[in-house]
Amino acid sequence: QKEVEQNSGPLSVPEGAIASLNCTYSDRGSQSFFWYRQYSGKSPELIMSIYSNGDKEDGRFTAQLNKASQYVSLLIRDSQPSDSATYLCAVRQYGNKLVFGAGTILRVKS
Amino acid sequence: NAGVTQTPKFQVLKTGQSMTLQCAQDMNHNSMYWYRQDPGMGLRLIYYSASEGTTDKGEVPNGYNVSRLNKREFSLRLESAAPSQTSVYFCASSDFDGRRTDTQYFGPGTRLTVL
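In this text the structure is predicted, and so the values were computed from the model without any measurement.

A. Representation of the side chain of Ser-73 of chain A. Residues and elements named next belong to chain A. Relative to the elements of secondary structure, Ser-73 occurs in strand β8 (residues 71–76). Using a relative accessible area of 1% as the deciding quantity, one classes Ser-73 as buried. Dropping the residues within four chain positions of it, Ser-73 is found in contact with Leu-21, Asn-22, Trp-35, Thr-62, Ala-63 and Gln-64.

B. Highlighting the interface of chain B and chain A. Residue-level contacts link 23 residues of chain B with 20 residues of chain A. Buried surface at the junction of chain B and chain A, both sides included, amounts to about 1700 Å², of which 52% is carbon and sulfur. Taken together, the connections running from chain B to chain A amount to 0 salt bridges. Counting across the interface, chain B meets chain A through 4 residue pairs in polar contact (both at pLDDT 80 or more). At the level of secondary structure, the elements contributing two or more residues to the side of chain B that touches chain A comprise β4 (31–38), β5 (42–49), β9 (87–94) and β10 (104–106) of chain B. Counted by class, the side of chain B that touches chain A contains 10 nonpolar, 8 polar and 5 charged residues.

What counts and how
- Residues numbered from 1 in each chain as written.
- Chains lettered and ligands numbered in written order.
- Predicted model: local features only at pLDDT ≥ 70, side-chain atom pairs only at ≥ 80, totals over all residues.
- Heavy atoms only, no water.
- Helix = DSSP H or I, 4+ residues; strand = E, 2+ residues; numbered from the N terminus.
- Buried < 20%, exposed > 50% of the residue type's maximum accessible area, 1.4 Å probe, protein only.
- Contact = heavy atoms within 4.5 Å.
- Buried area = accessible area lost by both parts, 1.4 Å probe.
- Salt bridge = Lys/Arg side-chain N within 4 Å of Asp/Glu carboxyl O.
- Polar contact = N/O pair within 3.5 Å; in protein donor to acceptor, adjacent residues only side chain to side chain.
- Nonpolar A, V, L, I, M, F, W, Y, C, P; charged D, E, K, R; others polar.

Dropping the structure here:
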């Protein structure tokens, strides 16, 4: 079992819809969770971090964490074509090592 | 303020050749990392350096060596390149100091092909 699992997609949503991206992790002791966005041919950039159970909102993005279910999600409201990218879920292990999922490809159709 | 820079951007090697990938950051970060990214595999940690003078193995260290030259620079060396090392290599840095806030900033990547 991979430590961090994501559906590879592609997830296709129409412009203006809500995109829902999901991630599960295996290490129950994990405390820090991150969502990175990666455009094709570019490097990853951090868009959200979450540390406590519940929701965290930042503009059109909402991260949700459920430690009991070992589940992290990212909601993107009012999806735009510019949101089309690969979204990487990352979980911090001991020290500052991050374990990344393989990523979900999101396509927003105009 | 350039952030994290990497050289070269592209490289083609023949099996058995050696090369060094260079990484530098100007954000005064303590921690630096080397990842490789392969299709369908996400980012995998090769080596990291929590602070100047220290290095530790990550998930996939075999076939690689690293040097933390100073606080700014962290290099990755392939002593005898193999086709399995064909990948995109990313360097990253962070200001992690033991707290949870530890954003990692990535360089633009090096696209390496080993024939």
